[in-house]
Amino acid sequence: MSYEEKLPLHVLSGFLGSGKTTLLKHWLTQQNLDDIALLVNEFGEVGIDHHLLNEVAPDTVLLPSGCVCCQIRGELKSALLDLYERRARGHLPPFTQVILETTGLADPAPILSTLLHDRQLQHHFTQGTLVTLVDAEHAHLQAEAQPEWLAQVTAADKLLISKGDRVTEAQTQALRQWLAQLNPLAELSETTPMRDAPHRLFQLAIGHGSRAQRFRWLGACASDDFSLNPVAHHTAHPVTQTCVITLQTSVNWPAFAIWLSLLLHCHGKAVLRMKGILRVRDSAAPIVIHGVQHTLHPPVHLQDWPGELESSKLVFILRGLEAERLLQAFHRFMQPLEEP
């Protein structure tokens, strides 16, 4: 990697006690540490996890006490810029990626917002893969009592089930089905395969592999079985809905961008996650969009359509906003702009 290339910032998330540090420590033993810069955020005045990781990665940076999603976003920026400057001066090896292990109480959305909206950080860093660990033994209890749990799960690019040895196979399978309902956009696995193939832990979901693999991140929602009707998933705790919109006609990109900006401005907290691929007018190449709550990532222009998918498709994970209401608002806004 040249110094002109942006460095990916991968995020390892998961509620308290989910096993983040254990997994990360094992992963680090399989890596070339010259390629990695490691940031650890812990809640409280005294950090413990970074001491455990220091055994493997001596240059681990402990962020100040507090939750990275709120109090110390400025410190996160300072730490990232300091790492980059030390790398450029040769005080650190020329690492090619940064790993941030968040506190178990962190909402990942503001972290992504900081990275995407800060001009200094944009110049040097890009978003990597957001991995969330889910404790198989305590997932339902945490979901019921802790709102941060749902934010971590729905923001994830990858969901990894940990502590599967503490529950039955039937319980694990039920948990997998439930997580797939809460976040159908995420790759779903268990921690064991990541231990056996550590290169897969932070492997980027977009831009690698075959045409079909490059769109794997849209998961089951890439199927043409979905139509204009919303698909809602209700669980005892928490309650979310998945709204999938498929369009056969080309989209007016400027108009759509306005609609999406208005939606996130008014209902950003209710749109836990959104992804989509759009066929836009006057362009043969599709545009991929991706957002978490209020934060919308820069559009990605693909060279061609992945797999057999050819129609525009939007997927929204919602909480506190009815899928039918979103669907109606979309068509009210877009109908006058559709091609005859």
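See the structure shown above.
So, here is what we can say about the structure in this document. This one's a predicted model, so the numbers in the text were calculated from it and none came from an experiment.

## Here's the deal with the overall build of the chain
Across its full length, the chain holds 12 helices and 13 strands. Residue burial in the chain is summarised as follows: out of 340 residues, 51% are buried. Counted over contacts in the chain with a minimum sequence separation of 6, partners at least 24 positions apart contribute 73%.

## Some remarks on the packing of aromatic side chains
For any pair of aromatic rings, the description rests on two quantities: the centre-to-centre distance and the angle between the ring planes. As enumerated under the stated definition, the model contains 8 aromatic pairs in all. Both rings, one in tryptophan 259 and one in phenylalanine 316, keep their centres 6.3 Å apart while their planes meet at 85°; by these two values the pair is edge-to-face. Taken as a pair, tryptophan 259 in helix 11 (residues 253-267) and phenylalanine 316 in strand 13 (residues 312-318) lie far apart in primary sequence, 57 residues in all. For the residue pair tryptophan 259 and phenylalanine 316, the accessibility class agrees, reading buried in each case. Each residue in the set Trp253, Phe256, Trp259, Phe316 and Phe330 is aromatic and connected to the rest through ring pairs, giving one cluster. We note arginine 87 situated over the ring of phenylalanine 95; from NZ or CZ to the ring centre the distance is 5.5 Å.

## Things to note about helix 12 (residues 323-334)
Its 12 residues place the ends of helix 12 17 Å apart at the C-alpha level, agreeing with the 16 Å of an ideal helix rising 1.5 Å per residue. Residues of helix 12 that are buried include every one of Ala323, Leu326, Leu327, Phe330 and Met334, and no others. Angular distribution of buried residues about the axis of helix 12 spans 100°; they occupy a single face of the element. For helix 12, the exposed residues lying more than 90 degrees away from the buried face are Arg325 and Arg332.

## Details of the pairing of strand 8 (residues 241-247)
Counting buried positions along strand 8 gives 7 out of 7 residues, so the element sits mostly inside the fold. The two faces of strand 8 match: Gln241, Cys243, Ile245 and Leu247 on one face and Thr242, Val244 and Thr246 on the other face are all buried. Examined bridge by bridge, strand 8 and strand 13 share 7 bridges and lie antiparallel to one another. Of the residues in strand 13, the one forming a bridge with leucine 247 is serine 312.

## As for helix 1 (residues 20-29)
When we look at burial in helix 1, the residues that qualify are Lys20, Thr21, Leu23, Leu24, Trp27 and Leu28. Mapping the buried residues of helix 1 onto a view down its axis gives an arc of 160°, with all of them on the same face.

## Looking at the pattern of salt bridges
Evaluation of the coordinates by the stated rule reveals 8 salt bridges. As a salt-bridge pair, arginine 89 and glutamate 85 come within 2.6 Å of each other at their nearest N and O atoms. Taking the relative accessible area as the measure of exposure, arginine 89 reaches 57% and is therefore exposed. Residue classification places glutamate 85 among the partly exposed residues on the basis of a relative accessible area of 37%. In this structure, aspartate 135 and lysine 163 form a salt bridge, with 3.4 Å as the shortest nitrogen-oxygen distance. Residue aspartate 135 is located in strand 5 (residues 125-135), and its partner lysine 163 is located in the loop between strand 6 (158-162) and helix 8 (169-182); the two are separated by 28 residues in the primary sequence.

## Notes on the side chain of aspartate 107
Secondary-structure assignment places aspartate 107 in the loop between strand 4 (97-101) and helix 4 (108-117). Despite its burial, aspartate 107 remains without a salt bridge, the nearest opposite charge being carried by arginine 319 at 7.3 Å. Among the polar contacts listed, one links the side chain of aspartate 107 to the backbone nitrogen of alanine 109, at a separation of 3.0 Å.

## Regarding the nonpolar core
By size, the foremost hydrophobic cluster in this structure holds 28 residues, and its most contacted members are Val134, Trp149, Val153, Leu159, Leu175, Trp178 and Leu179. Every element with two or more residues in this core is listed here: helix 4, strand 5, helix 6 (139-145), helix 7 (147-155), strand 6, helix 8 and strand 13. Those residues in contact with leucine 175, other than ones at most four positions away along the chain, are Val134, Ala136, Ala139, His140 and Ile161. Membership of the second largest hydrophobic core comes to 25 residues, among which are Ile245, Leu247, Met274 and Val280.

## Some words on the packing of helix 7 against helix 8
Orientation of helix 7 relative to helix 8, taken along the N-to-C sense of each, is 80°, at an axis distance of 9 Å. Judged by the angle between their axes, helix 7 and helix 8 are roughly perpendicular. The residues of helix 8 that touch helix 7, namely those facing Trp149, Leu150, Val153 and Thr154, are Trp178, Leu179 and Leu182. Taken together, the residues of the contact of helix 7 with helix 8 sort by class into 6 nonpolar, 1 polar and no charged.

## With respect to the pairing of strand 1 (residues 7-14)
Taking burial as the measure, the 8 residues of strand 1 include 8 buried ones, the bulk of the element. Every second residue of strand 1 is oriented toward a common face, with Leu7, Leu9, Val11 and Ser13 on one face and Pro8, His10, Leu12 and Gly14 on the other, all of them buried. Pairing geometry for strand 1 and strand 4, over 4 bridges, is parallel. Counterpart to histidine 10 in the pairing with strand 4 is isoleucine 99.

## Considerations on the environment of histidine 297
Secondary-structure assignment places histidine 297 in the loop between strand 11 (295-296) and strand 12 (300-301). Sequence separation between histidine 297 and histidine 117 is 180 residues; the distance between their C-alpha atoms is 9.3 Å. The residues contacting histidine 297, other than those within four sequence positions of it, are Leu112, Leu116, Gln127, His290, Gly291 and Val292.

Criteria and cut-off values
Residues numbered from 1 in each chain as written. Predicted model: local features only at pLDDT ≥ 70, side-chain atom pairs only at ≥ 80, totals over all residues. Heavy atoms only, no water. Helix = DSSP H or I, 4+ residues; strand = E, 2+ residues; numbered from the N terminus. Buried < 20%, exposed > 50% of the residue type's maximum accessible area, 1.4 Å probe, protein only. Contact = heavy atoms within 4.5 Å. Phe/Tyr/Trp six-rings, centres within 6.5 Å; stacked < 30°, edge-to-face > 60°. Lys NZ or Arg CZ within 6 Å of the ring centre and 35° of its normal. Expected span 1.5 Å × (residues − 1). Arc of directions from axis to C-beta. Pairing = 2+ DSSP bridges. Salt bridge = Lys/Arg side-chain N within 4 Å of Asp/Glu carboxyl O. Lys, Arg positive; Asp, Glu negative; His and termini not counted. Polar contact = N/O pair within 3.5 Å; in protein donor to acceptor, adjacent residues only side chain to side chain. Core = buried A, V, L, I, M, F, W, Y, C linked by side-chain atoms within 4.5 Å. Axes fitted to C-alpha atoms, helices over the stretch in contact; angles between N-to-C directions. Parallel < 35°, antiparallel > 145°, perpendicular 65-115°, else oblique. Nonpolar A, V, L, I, M, F, W, Y, C, P; charged D, E, K, R; others polar.

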